[in-house]
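Observations on the three-dimensional arrangement
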Amino acid sequence: MLTLEHVYAGYGEAIVIDDCSLTMDEGESIALLGRNGVGKSSLLLTVMGHTKVHRGSIRWCGQDLVKVPQHARARAGLGWVPQEREIFKSLTVEENLTVTALPGKWDLKSIYALFPRLQERRRNFGNQLSGGEQQMLAIGRALMLNPKLLLLDEPLEGLAPVIADELCVAIQRMIRNEGQSLILVEQHVEQALCLTHRAIVLERGRVVHNAQCPDLLGNLSVLEKWVGVRVAHP
Amino acid sequence: MNAILQTRDLWKAFGGLIVTKDVNLSLAPGARHALIGPNGAGKTTLINQLTGVLRPSSGSVWLDGADITRIPPNERVYRGLSRTFQINTLFPRLTPLEAVTNTICVRERKRLNILKRRFFGVSRCSTLIDEAYALLEQLNLAQDCLVETHTLAYGKQRLLEMALALATRPKVLLLDEPAAGVPEGESDELFEVLNTLPKEISILLIEHDMNLVFNFADRITVLVNGEELVTGTPSEIADDPRVREVYLGKGH
Amino acid sequence: MLSLLGVLFDGLAYGALLFVISVGLSITLGLMGFNNLAHGVFAMAGGYLLVTLMSKAGIGFLPALPIVFCIVAVGSLVLERTLYRQLYKSTPLDQVLLSVGIIFIATAGTTFLWGPGQQPVVIPEWLSGQYSVLGLDLSRYRLFLMAIVAGITLALVFGLERTRFGAKIRASVDNQRTAESMGIRVERVFQMTFALGSGLAGLGGALGVDVLGLDPNFAIKYLVYFLLVVVVGGPGSVFGTLLAALLLGVADIAGKYYVPQLGAFIIYAAMIFLLLLFPHGLLGRRKSK
Amino acid sequence: MEKQRHNLLTIVHDVAVFLMVMCGIVALATDQAHAAGDTIKVGIITEMTGTFADFGRHIVGGAKAYMKVNGDTVAGKKVELIIRDTTGPVPDVAKRLAQELIVKDKVDFIAGLGFTPNALAIAPLVTEAKKPTIIMNAATSIITTKSPYFARVSMTLPQVTEPMAQWAFKKGYRKIYTLVADYGPGHDAEAAFKKAFTKMGGEVIGESRVPLKSPEFGPYVQRIKDAKPQAVFAFVMPGEMAVAFMKTYNERGLAKSGIKLLSTGDVMDDAVQDALGDHALGVISSHQYSVAHKSQENKNFLAAYSKFDPQRPNFMAVGGYDGMAAIYNVIKQLNGKIDGDKAMAVLKGMKLNSPRGPIQIDAATRDVVQNIYIREVKKVDGHYYNVEFETFNAVKDPGK
Amino acid sequence: MSDTLARDSRHLTFLRARERWKPAEIAFWFALVGVYFVFPTNLIFVSQILITGLFALSLDMILGYAGIVTLGHAAFFGIGAYAAGLMAAHGWHEPLSGLLVAGLAAGIAGYLSSFLLSRGGGDLTRLMITLGIGLLLFEVANSATKYTGGVDGLQGVEVGKLFGVFGFDLYGKTAYAYVLGIAFLLFAFTRSMMHSPYGLALRSMRENQTRALAIGIPISACLTNIYTIAAVIAGIAGALLTQTTQFVGIDVLSFQRSADLLIILIIGGTATLYGGFVGAAVFMLAQDRLSNLNPQYWLFWLGIILIVMTLYLRGGMLGGLSRLADLYRHWRNKERP
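Residues numbered from 1 in each chain as written. Chains lettered and ligands numbered in written order. Predicted model: local features only at pLDDT ≥ 70, side-chain atom pairs only at ≥ 80, totals over all residues. Heavy atoms only, no water.

1. Things to note about the overall build of chain A
Regarding its fold elements, chain A presents ten helices and ten strands. Its C-alpha radius of gyration of 17 Å places chain A within 12% of the 17 Å reference for a compact globule of 234 residues. Considering only intrachain contacts with a sequence separation of at least 6, the fraction spanning at least 24 residues in chain A is 68%. Only carbon and sulfur atoms are counted for the fraction: they give 50% of the accessible area of chain A, which is about 8900 Å². Averaged over its 25 positive side-chain charges, chain A has a centre that lies 3 Å from the centre of its 26 negative ones. (Helix = DSSP H or I, 4+ residues; strand = E, 2+ residues; numbered from the N terminus. Rg over C-alpha atoms; globule rule 2.2 N^0.38 Å. Contact = heavy atoms within 4.5 Å. Areas by Shrake-Rupley, 256 points an atom, 1.4 Å probe, with all protein chains shown as cover. Lys, Arg positive; Asp, Glu negative; His and termini not counted. Charge placed at Lys NZ, Arg CZ, Asp CG, Glu CD.)

Set out below in structure tokens:
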């Protein structure tokens, strides 16, 4: 469904995605791991067209994605949940959900069923929400596009554990019950691994490890090398 | 205490949002100190309070034994506190030579007489220009010092970031992700330069690249949610379970 | 007491006029961030259209107003496509220069077509004169203006706050990048916004003819007033523009009534004072990335 | 390599600057004086663009109308107009234009001058160059005292204001409020009216000065209404200021509450009458010219003017017309040999049959002496006119 | 690169070359001297171009070098013009001291008003504040008819002989020499300042304020400083206009003058030192020529020029030309690999 081949991308002259290749199929869910600043978010931004692609190709459902204008990517089936959530602050919760909605199985009702809190606060403005609610809203907003692929950028970051758990359940439901394809960027490695099928580890803008999640969960020391604080050499 | 740079109970809140919580940072002279932490931990806000762009809600910042909390940013530079930026913050239409010479002239402004400062061409300050050139040479920028900055390769621009900070002759240097955005091939030059920085300069390094942090720093502070989680030597930090939790997620 | 009320009414009515001619600029400047000094050109186009429609086509004052709005809005799209769009990402200075160029061309063009003189406009009988309410004389046209302002404010607020298109505008302004990624064609939205702002300018120009007069220099003559209201109000905020217009209107009228010696100074002094107090405008929104 | 590149860049840059200078020089050179033949050149300095483009349009239209009626040749010489644009009351430009007309174009007469500062600024120049200069519009009293080579065919403000005050007193008005635009001419009108009116025993019970850039007359008119005078004397700039004032005056029902509006003819400008529409009906004004003036000369003028301009002319156009008449007269008398002092001698005491009626240039002050008419705005055949109903004969400028 | 000495001095040579007067610059000023002899009938026009150019140079200092957009710069021009005019009208006829006083008066006004600008707010807020100050000042001059003559202008300005020897004549010869001399002196002053360490600091400030602050440049003090100097020069330009015209019209304070000036500078090119002079020449010549051809509609052509300029010739005349030079350079490099 999505294929990246030797992509070099970045902001202006700065290169943050450095020769990155990966493939994913429909129905698959991938955890994108790696330390801060290795280019995980930038990879999602690249898929959404917000970086400058210097070289390489990105194909999406058989079409060359680099040439697709940014606004058409949502219609093409990409749903993005930005890291900073980027809720439209002068729109109400409900407007945030409906303003860009596309027809499909996800509608207001099913979103409210997934996140009952949003229904309670549907008249509130984006900037009046707590962090967790904003996160739910950002996910809900992306789901309302009925995307073939959902890109989640650190959805659990900075949330209280209770809320994070609630979100995890929701994400799990999407994957297990709805068969939603998604890429999950996450700092909380273990949780991410429990949720998704496959994991990819990024280091300095390139893929350095690629494995099925259960395998990795059984062998965390591999992860320690790429994700942990300790460094391989003394 | 003979710390060169110190914060005392530094606290900063934007409205209800607390971004810096009782931070007590202390750099010994000649220190190689790294500041790490997940995204949104408040590292940039902390830097901005150190350089004076933001004023803390409470607490104080001390440089070389003097309270500089209420001193404007440019005066802090004059007193020896200098920084680099995570995203290149340069003078695109100045040549590196002009940019560094400018920095040195600003530093020496009180020693230049008014004629030299105001009415004679820059080229009259030949000793200062020589110093600028020497510095550029030291940072491998001499070859490119006469073209406009915006035409330089990205890695070279990162080096110029460093050159501008060094040209102020800092006592304390704040390096904000010096390797950010530098592609693999160009980063060696940068690390080399970092390792040759003179020992008299104390350095506070903010960096995500753990290779760099653990190779470079003798002390590390981990910042989480605006709070100092732990400070220690690299090996202490690597073994600290709380740090592992922050970086690897819970359940470890 | 009566004179105080009278002054207050006059001030509010004057504010209403300022609002009508400026609100379109508030939208293009505040929402789209384009320094369109040629706002007055669209207002002037509105005025001349009204005069022409009424005298040549024999259309009445009231039915002419919506026609003016539509024609100016559509006409502005042509300019948006050919000229404005190319400078969306440019420096303010370039935008200023472009719009000044447009002003010059419009001024010369209007002189060529209509001559340099004042254009007569005859407002219908039922709008001229005054109502006397409890000893207070209220101008009918001013009342009409105030009603229109209330209408425009409500329509704008409703349009911006309650419709999907309004939500798209707000989303695009809040965060262009995310809006784009959620499938909003920001470019198209801005085009419509531009047309809306220009259409409102045209409408304001048409409504203002009776009070402000109309000649080829209209665009440059009242430029200062448009900018004054919009900048003080905080670009992009309909309520801010309304508040600023009413505040400046009342200050100006009250000043001229009670201290006529200072007549010309008050509005400028009030502007400088307000801008020093509120550098981003009364209800200004800071642009997010 | 680097150095070479840099050098090249500077050389190209230098060449560019140099070319620019050359272009400038060529541009300067292109307008060196045209070969002078058997022509008399009249340089008209007036406003052709900007807010006051109307001034130039009328003045030039009037001048051309005179040439249309009387032919462009006089005493065997062809008369040529050279029109220069001051863009508005910008004295430094006016002075430069006058200097260029004198030294480069070598004109025989200077004419036009819509604004007082423009006229004042060129006074020393025309004195030094001894160029007869016909003021076709500017209306401040002192202008003619600033150069012995100035002669005026337009009017002065006190000249038209005083008859208004006299008429008002005669009609029984005793309490009058004055409202003027807050600029030099406004202040002059205010002073002239007040002086004449109080001398006779009337009383000015209130004065207002309105800023030039004020679209809103509400508070000023309200003050008048509150002061309850018998009449209000108003002097504002013609154009949108007059329109705005009239509208507010009517809207607030001052006419209905019996407050009569008196004004000078500048405010009741013929050219904007139709823009004023019904608002101006019944306004009394004093002035030297009305389009509705009944005379053969005026008919000729109107017929000729309509060839250049579909819109109505006004007193400025008549100024242009009479100014050309004066110039033609001088050329005739001097038989085509123009000399500054002789020309001035001819101008002094010259009598002309103008579209406005008989006028004369005062031999002592070189200022115009003319009939001032009291008029009322009436609707005739669907158009609005200042209809004259009383005449003050041969009024001199009382300011001197 | 074996010769260390040659390599080491290369950077110094580079900086010196930047500061040296280029042949074209010298030609520029000599050409202006030449105008005196070649076009004796155009001297007033050229001196007015020079005055406007000088005025534009002062705007360039704050717009081009310090990055402040202003629409009220005529305020300082006007203050200078009136200061010189009032002195001359009240018995002090010596021209040079008139210039000094005018510069001083404008400088004080500039210094005081600079504090209104250092407040927060964006370009637009600054634009409106400067505009407001300009308009207020205009109204003051208009109302104070007793002192300024209001819209009729200040009369009785009599300027004495320059150095007690050269009177101001009809052909404007003395005026031209006087204006050219003063313009050159002030230009040389500005030029040397812009090439000094101070000028370098200003340039860096415009390029990037954040970094300028981070290398220790006291930004607000610098802004106040340059704003004051620019006001002084604008004031002197105003005084020159007064002295050569021997009259002060209220238009010296008008919004029109500020707005035209901005257009002139942008046409010429900002931050180039010569942009103001080139822009003034182009603008005023175009105005003069076009309005002679077709007085009513010359604005139309000016409008076309402005639009074409913003779309295809950013950076003004000089900017466009240097881009042409870039193209040429590019082409040359391709020709000879």
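2. A short note on the overall build of chain C
Counting its regular elements, chain C contains twelve helices and two strands. Starting at the N terminus and ending at the C terminus, chain C contains elements arranged as α-α-α-α-β-β-α-α-α-α-α-α-α-α. Computed over the C-alpha atoms, the radius of gyration of chain C is 19 Å, within 12% of the 19 Å expected from 2.2 N^0.38 for a compact globule of 289 residues. Overall, the C-alpha framework of chain C stretches about 60 × 45 × 35 Å when taken along its three principal axes. Taken over 289 residues, chain C has a buried fraction of 64%. Partitioning the intrachain contacts of chain C with sequence separation of at least 6 by distance along the chain shows that 75% fall at a separation of at least 24. Accessible area of chain C: about 10000 Å², with a carbon and sulfur share of 71%. Of the charged side chains in chain C, 19 are positive and 12 negative, and the gap between their average positions amounts to 11 Å. (Buried < 20%, exposed > 50% of the residue type's maximum accessible area, 1.4 Å probe, protein only.)

3. Remarks on the arrangement of the chains
Sorting the seven pairs of chains in contact by contact count puts chains D and E at the top. Contact between chain A and chain D is absent, and the minimum C-alpha spacing across the pair is 23 Å.

4. A word on the interface of chain C and chain A
Counting residues at the interface gives 20 residues for chain C, matched by 21 residues for chain A. Summed over both sides, the interface between chain C and chain A buries roughly 1900 Å², with carbon and sulfur atoms accounting for 53% of that surface. When residues of chain C are sorted by the area they lose upon contact with chain A, R177, S181 and M182 of chain C head the list and together hold 34% of the total. In this assembly, chain C and chain A are joined by three salt bridges. (Buried area = accessible area lost by both parts, 1.4 Å probe. Salt bridge = Lys/Arg side-chain N within 4 Å of Asp/Glu carboxyl O.)

5. Focus on the sheet that holds strand 2 (residues 14-24) of chain A
Working definition: the strands of a sheet are paired by backbone hydrogen bonds and lie parallel or antiparallel to each other. The sheet built from four strands is open, its strands ordered 2-1-4-5 (chain A) with antiparallel pairing. Edge positions in the sheet fall to strand 2 and strand 5 (63-64) of chain A, since each has one partner strand and no second. (Pairing = 2+ DSSP bridges.)

6. A short note on the pattern of salt bridges
Enumeration according to the criterion identifies 47 salt bridges over all chains in this entry. The residue K156 of chain B makes a salt bridge to D144 of chain B at a minimum N-O spacing of 3.8 Å. Here the residue K156 of chain B occupies a position in helix 6 (residues 154-167), and D144 of chain B occupies one in the loop between helix 5 (126-138) and helix 6, the gap between them amounting to twelve residues. Note that R57 of chain D is salt-bridged to D309 of chain D, the shortest N-O span being 2.6 Å. Within this pair, whereas R57 of chain D is found in helix 2 (residues 53-70), its partner D309 of chain D is found in the loop between helix 10 (296-305) and helix 11 (315-334), the two being separated by 252 residues in sequence. Of the two residues, R57 of chain D and D309 of chain D, neither departs from the other in class, the shared state being buried.

7. Considering the pairing of strand 9 (residues 231-235) of chain D
All names here are of chain D. Judged by how many residues are buried, strand 9 sits mostly within the fold: five of five residues are covered. Residues A231, F233 and F235 line one face of strand 9 and the alternating positions V232 and A234 line the opposite face, and both faces are buried. Looking at chain direction, strand 7 (residues 175-181) and strand 9 are connected through five bridges and run parallel. Residue I176 lies in a different strand from strand 9, and its bridge partner there is A231. Running through helix 8 (residues 240-251), the crossover from strand 9 to the neighbouring parallel element strand 10 (residues 260-264) is right-handed. (Right-handed = clockwise from strand over helix to strand, strands pointing away.)

8. Here we look at the packing of helix 4 (residues 74-89) of chain E against helix 11 (residues 219-245) of chain E
Residue and element names in this part refer to chain E. It is at 6 Å that the axes of helix 4 and helix 11 come closest, and there the two elements cross at 50 degrees. Considered as vectors, helix 4 and helix 11 are oriented oblique to each other. In this structure, the crossing between helix 4 and helix 11 has a hand that is right-handed. On helix 11, the residues touching F76, F77, G80, A81, A84 and G85 of helix 4 are Y227, A231, A234, G235, A237, G238, A239, L241, T242 and Q243. Here the contact of helix 4 with helix 11 is built from residues that sort into ten nonpolar, six polar and no charged. (Axes fitted to C-alpha atoms, helices over the stretch in contact; angles between N-to-C directions. Parallel < 35°, antiparallel > 145°, perpendicular 65-115°, else oblique. Left-handed = near helix turned anticlockwise from the far one by under 90°. Nonpolar A, V, L, I, M, F, W, Y, C, P; charged D, E, K, R; others polar.)

9. Here we look at the environment of D215 of chain A
Mapped onto the elements, D215 of chain A comes out in helix 9 (residues 213-218). Separated by 125 residues in the primary sequence, D215 of chain A and S90 of chain A have C-alpha atoms spaced 45 Å apart.

10. Thoughts on the sheet that holds strand 7 (residues 149-153) of chain A
Residue and element names in this part refer to chain A. Strands sit in the order 6-7-8-3-9-10 across an open sheet of six strands; the sheet is mixed. Looking at strand neighbours, the two that pair on one side only are strand 6 (78-81) and strand 10 (206-212), the edges of this open sheet. Within the sheet, the average angular offset between the axes of one strand and its neighbour, ignoring direction, is 15 degrees. As paired strands, strand 7 and strand 8 (residues 181-185) are joined by five bridges and run parallel to one another. Bridge pairing links L151 to I183 in strand 8. Contacts from helix 10 (residues 220-227) reach strand 3 (29-33), strand 9 (198-203) and strand 10, with the element oriented near 30 degrees to strand 9.

11. As for the nonpolar core
Counting residues in hydrophobic clusters, the biggest one holds 434 residues, and the most contacted among them are V100 of chain B, F61 and L207 of chain C together with L179 of chain D. If sequence neighbours within four positions are ignored, F61 of chain C has contacts with L50, M54, I123, P124, L127, Y141, F144 and L207 of chain C. Residues L143, L159, L167 and L182 of chain A belong to the second largest nonpolar core, which totals 46 residues. (Core = buried A, V, L, I, M, F, W, Y, C linked by side-chain atoms within 4.5 Å.)

12. Concerning the confidence of the model for chain C
Looking at chain C, the pLDDT average stands at 86 and 97% of residues meet or exceed 70. Here the predicted complex carries an ipTM of 0.82, next to a pTM of 0.85. (pLDDT = per-residue confidence, 0-100.)

13. Notes on a positive patch on the surface
On the surface, R75 of chain A together with R81, R164, R185 and R188 of chain C cluster together into a positively charged patch. Secondary-structure assignment places R81 of chain C in helix 3 (residues 61-82). (Patch = residues over 30% accessible without salt bridge, like charges linked within 9 Å, V, L, I, M, F, W, Y side chains within 5 Å.)

14. Here's the deal with the side chain of D251 of chain E
With respect to the helices and strands, D251 of chain E occurs in the loop between helix 11 and helix 12 (255-268). Side chain to side chain, D251 of chain E and R257 of chain E meet in a polar contact 2.7 Å long. (Polar contact = N/O pair within 3.5 Å; in protein donor to acceptor, adjacent residues only side chain to side chain.)

15. Quick look at a nonpolar patch on the surface
Residues and elements named next belong to chain E. On the surface, W21, I26, F30, V33, F37, V38, F184 and L185 cluster together into a nonpolar patch covering about 810 Å² of accessible area. Of all the elements in the fold, those that place two or more residues in the nonpolar patch are helix 2 (23-38) and helix 8 (173-195). Among the secondary structure elements, V33 is positioned in helix 2. Look at V33 and you get partly exposed, because its relative accessible area is 38%.

16. Digging into helix 5 of chain B
Residues spaced three or four apart along an α-helix point in a common direction, a consequence of the helix completing one turn every 3.6 residues. Residue and element names in this part refer to chain B. The terminal C-alpha atoms of helix 5, which comprises 13 residues, lie 18 Å apart, in line with the 18 Å expected from a rise of 1.5 Å per residue. Within the sequence span of helix 5, burial applies to L128, I129, A132, Y133, L135 and L136. Seen end-on, helix 5 carries its buried residues on one side only, within an arc spanning 160 degrees. N140 lies just past helix 5 and shows a positive phi near 60 degrees. (Expected span 1.5 Å × (residues − 1). Arc of directions from axis to C-beta.)

17. A few points about the pairing of strand 8 (residues 203-210) of chain D
All names here are of chain D. Sheet topology note: the strand 7/strand 8 ladder contains seven bridges and is parallel. Bridging from a neighbouring strand, T178 pairs with E207 of strand 8. A crossover links strand 7 with its parallel partner strand 8, the connecting element being helix 6 (residues 184-200), and its sense is right-handed.

18. Some thoughts on the packing of aromatic side chains
Under the definition given, this model contains 43 aromatic pairs over all chains. Between F193 of chain D and F197 of chain D the ring centres are 5.4 Å apart and the planes differ by 25 degrees, which places this aromatic pair in the stacked class. Of the two residues, F193 of chain D and F197 of chain D are both situated in helix 6; the distance of four residues between them amounts to about one turn of the helix. For F193 of chain D, a relative accessible area of 0% corresponds to the buried category. Aromatic pair Y111 of chain E and F115 of chain E: ring centres 5.2 Å apart, planes at 90 degrees, arrangement edge-to-face. Placement of the pair is Y111 of chain E and F115 of chain E together in helix 5 (residues 95-117), with a separation of four residues, close to one helical turn. Taking the relative accessible area as the measure of exposure, Y111 of chain E reaches 41% and is therefore partly exposed. Classification of F115 of chain E by relative accessible area gives partly exposed; the value is 42%. An aromatic cluster is defined as three or more aromatic residues linked by ring pairs; in this entry it consists of W21, F28, W29, F184, F187, Y274 and F277 of chain E. (Phe/Tyr/Trp six-rings, centres within 6.5 Å; stacked < 30°, edge-to-face > 60°.)

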